[in-house]
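Here's the letter readout for the chains.
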Amino acid sequence: DTAVSQTPKYLVTQMGNDKSIKCEQNLGHDTMYWYKQDSKKFLKIMFSYNNKELIINETVPNRFSPKSPDKAHLNLHINSLELGDSAVYFCASSQVTSGRRSYEQYFGPGTRLTVT
Amino acid sequence: GENVEQHPSTLSVQEGDSAVIKCTYSDSASNYFPWYKQELGKRPQLIIDIRSNVGEKKDQRIAVTLNKTAKHFSLHITETQPEDSAVYFCAARQNNFNKFYFGSGTKLNVKP
């Protein structure tokens, strides 16, 4: 059974459109993250939520808006997509604040976003 | 903030040889240092990690060493195999903000 899952796996869309990526984890973790991996493979954190509360909000355009309806889900909505948004977006989760603090971070399979 | 530097960017070794990848970090408050392996088109997979109160950790053919004073940590892979070929990332967890900073990756090629 999948620990961290994302949908969709591939997303091809035109400039100016709005799209969402969904992430779910069944590990019981309290912290979830969004990362962007560009064409040079560099992994950069975008957002982090702990128990549905936003705790990290890196310098990303405000066209990107995360939403965490509950501890197990973290979605990413992107408005007015631009060519430069093309990348692979990874969701991840870890256990940080309560119970067993393992810090181990597990990644989802990634969503390859292509903006044309 | 934290700054993680990783070297080399590419590494080519013969099957059976050892491979070493090095990372340095800047924030002495960082307390957890994972290593990830990412195969082409796949997600980063945690392969080994080390906490700041430990100097060395080993798991079969892979080991990680940490020098807190010098702020550097290294991944050692012995008896490399072609299936070890992948991109490897180091990371440092900044304790104050629970942020992970990643190195720029090392593409390891193990030649059969």
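Now for a description of the structure that goes with this document. (Residues numbered from 1 in each chain as written. Chains lettered and ligands numbered in written order. Predicted model: local features only at pLDDT ≥ 70, side-chain atom pairs only at ≥ 80, totals over all residues. Heavy atoms only, no water.)

When its secondary structure is counted, chain A shows zero helices and 11 strands. Ordered by position in the sequence, the α and β elements of chain A form the string β-β-β-β-β-β-β-β-β-β-β. Compactness check: chain A gives a C-alpha radius of gyration of 14 Å against a globular reference of 13 Å for 116 residues, within 12% of the reference. Taking the principal axes of the C-alpha coordinates as reference, chain A spans close to 45 × 30 × 25 Å. Across the 116 residues of chain A, 46% fall into the buried class. A fraction of 55% describes how many contacts in chain A between residues 6 or more apart in sequence connect residues 24 or more apart. Accessible surface, chain A as shown: approximately 5,700 Å² in total, 49% of it carbon and sulfur. For chain A, the centre of its 14 positive side-chain charges and the centre of its 11 negative side-chain charges are spaced 3 Å apart. (Helix = DSSP H or I, 4+ residues; strand = E, 2+ residues; numbered from the N terminus. Rg over C-alpha atoms; globule rule 2.2 N^0.38 Å. Buried < 20%, exposed > 50% of the residue type's maximum accessible area, 1.4 Å probe, protein only. Contact = heavy atoms within 4.5 Å. Areas by Shrake-Rupley, 256 points an atom, 1.4 Å probe, with all protein chains shown as cover. Lys, Arg positive; Asp, Glu negative; His and termini not counted. Charge placed at Lys NZ, Arg CZ, Asp CG, Glu CD.)

What follows concerns a positive patch on the surface. There is a patch of like positive charges on the surface, built from Lys9, Lys41 and Arg112 of chain A together with Lys42 and Lys107 of chain B. Its place among the elements puts Lys42 of chain B in the loop between strand E4 (30-38) and strand E5 (45-51). Of the residues examined, Lys42 of chain B reaches a relative accessible area of 48% and is grouped as partly exposed. (Patch = residues over 30% accessible without salt bridge, like charges linked within 9 Å, V, L, I, M, F, W, Y side chains within 5 Å. Salt bridge = Lys/Arg side-chain N within 4 Å of Asp/Glu carboxyl O.)

Moving on: the interface of chain A and chain B. With 21 residues of chain A at the contact, the number on the chain B side is 20 residues. For the pair chain A and chain B, the two sides together bury roughly 1,900 Å², of which 56% comes from carbon and sulfur. By the criterion of area lost to chain B, the three top residues of chain A are Leu43, Tyr103 and Phe107 of chain A, representing 31% of everything that side buries. There are zero salt bridges connecting chain A and chain B. The interface formed by chain A and chain B holds four residue pairs in polar contact (both at pLDDT 80 or more) in total. Looking at the side of chain A that touches chain B, the elements that each hand over two or more residues are strand E4 (31-37) and strand E5 (43-50) of chain A. (Buried area = accessible area lost by both parts, 1.4 Å probe. Polar contact = N/O pair within 3.5 Å; in protein donor to acceptor, adjacent residues only side chain to side chain.)

Tallying each qualifying case throughout the model produces two disulfides over all chains. The disulfide partner of Cys23 of chain A is Cys91 of chain A, and the gap between their sulfur atoms is 1.9 Å. Taking the torsion about the sulfur-sulfur bond, which here is approximately -75°, the covalent link between Cys23 of chain A and Cys91 of chain A counts as left-handed. Here Cys23 of chain A is found in strand E3 (residues 19-25), whereas its partner Cys91 of chain A is found in strand E9 (residues 87-94), with 68 residues between them in sequence. Both residues of the pair, Cys23 of chain A and Cys91 of chain A, count as buried. The disulfide partner of Cys23 of chain B is Cys90 of chain B, and the S-S distance across this bridge is 1.9 Å. Handedness here is read from the sign of the S-S torsion; for Cys23 of chain B and Cys90 of chain B, about -100°, the answer is left-handed. Of this pair, Cys23 of chain B sits in strand E3 (residues 19-24) while Cys90 of chain B is found in strand E9 (residues 86-94), placing the two residues 67 residues apart along the sequence. The exposure class assigned to Cys90 of chain B is buried, which follows from its relative accessible area of 0%. (Disulfide = S-S within 2.5 Å.)

Residue and element names in this part refer to chain A. As paired elements, strand E1 (residues 4-7) and E3 share four bridges and run antiparallel to each other. Bridging across to E3, Thr7 finds its partner in Lys22. Of the strand pairs in this sheet, E3 and strand E8 (residues 73-78) are connected by four bridges, and their pairing is antiparallel. By the bridge assignment, Ser20 is partnered in E8 with His77. (Pairing = 2+ DSSP bridges.)

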